[in-house]
Amino acid sequence: MNWDIIEGKWNEFRGKAQQQWGKLTDDDLDRAKGSRTELAGLIQQRYGIEKDEAERQVDEWRSRH
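Residues numbered from 1 in each chain as written. Predicted model: local features only at pLDDT ≥ 70, side-chain atom pairs only at ≥ 80, totals over all residues. Heavy atoms only, no water.

A.B. asks: Got a minute to help me understand the side chain of aspartate 28 in this structure?
C.D. replies: As for its position among the elements, aspartate 28 is in helix α3 (residues 26-32). Discounting chain neighbours no more than four positions away, the residues touching aspartate 28 are Lys23, Leu42 and Arg46. (Helix = DSSP H or I, 4+ residues; strand = E, 2+ residues; numbered from the N terminus. Contact = heavy atoms within 4.5 Å.)

A.B. asks: What should I look at first to understand helix α5 (residues 51-64) in this one?
C.D. replies: Turn by turn, an α-helix covers 3.6 residues, leaving residues three or four places apart pointing in a common direction. Taking 1.5 Å of rise per residue, 14 residues should cover 20 Å, and α5 covers 20 Å from first to last C-alpha, within 8% of that figure. For α5, every residue scored as buried is listed here: Ala54, Val58 and Trp61. The arc enclosing the buried residues of α5, seen along the axis, measures out at 65°, which places them on a common side. Of the exposed residues in α5, those oriented more than 90 degrees away from the buried face are Asp52 and Ser63. Here the buried face of α5 lies against α1 (3-8), α2 (10-20) and α4 (36-47). (Expected span 1.5 Å × (residues − 1). Buried < 20%, exposed > 50% of the residue type's maximum accessible area, 1.4 Å probe, protein only. Arc of directions from axis to C-beta.)

A.B. asks: Which parts of the structure should I look at to understand the packing of aromatic side chains?
C.D. replies: In this description, a pair of aromatic rings is defined by centroid distance and the angle of the planes. Evaluated as defined, the whole model comprises 3 aromatic pairs. Ring geometry for tryptophan 21 versus tryptophan 61: centroids 5.6 Å apart, planes at 55°, classification tilted. Separated by 40 residues along the polypeptide, tryptophan 21 in the loop between α2 and α3 and tryptophan 61 in helix α5 bring together distant segments of the chain. No difference in accessibility class separates tryptophan 21 from tryptophan 61, as the two residues are buried. Within the aromatic cluster, the residues linked to one another by ring pairs are Trp3, Phe13, Trp21 and Trp61. (Phe/Tyr/Trp six-rings, centres within 6.5 Å; stacked < 30°, edge-to-face > 60°.)

A.B. asks: Looking at this structure, I do not really get the confidence of the model for the chain. What am I missing?
C.D. replies: Fine structural detail should not be taken from predicted coordinates in areas where pLDDT scores are low. This prediction gives the chain a mean pLDDT of 95; 100% of its residues lie at or above 70. Taken element by element, the predicted model of the chain shows its lowest mean pLDDT in α1 (91) and its highest in α4 (97). (pLDDT = per-residue confidence, 0-100.)

A.B. asks: Just checking my understanding: could you explain the environment of threonine 25 for this structure?
C.D. replies: With respect to the secondary-structure elements, threonine 25 resides in the loop between α2 and α3. Considered as a pair, threonine 25 and arginine 62 are 37 residues apart in the sequence and their alpha carbons are 19 Å apart. Ignoring sequence-local partners within four residues, the contact set of threonine 25 consists of Gln18 and Arg46.

A.B. asks: I keep staring at the pattern of salt bridges and nothing clicks. Help me out?
C.D. replies: Where charged atoms from two side chains of opposite charge come close, those side chains can pair. If you walk through the whole model with that rule in mind, you get 8 salt bridges. For glutamate 60, the salt bridge is made with arginine 56, and the minimal N-O distance between the two is 2.8 Å. Note that glutamate 60 and arginine 56 are positioned in helix α5 at a spacing of 4 residues, about one turn of the helix. Its relative accessible area of 39% is what places glutamate 60 among the partly exposed residues. On the basis of relative accessibility, which here comes to 40%, the residue arginine 56 falls in the partly exposed class. Connected through shared salt-bridge partners, Glu53, Arg56, Glu60 and Arg64 make up one network. (Salt bridge = Lys/Arg side-chain N within 4 Å of Asp/Glu carboxyl O.)

What follows is the structure, given as structure tokens:
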């Protein structure tokens, strides 16, 4: 799925993102506003993982939805 679609329908996808990454808070998801870069950065912070790994997880999540 194209990331523009996720960004445009973020309110629909944020619940799925929170299921995938349970450490993300509602405030985190509000801050991300569907931005792939922001989402990956928040995942990196919350989970203490490398940037490349966070981006890989986001890409994998996107491909499933």
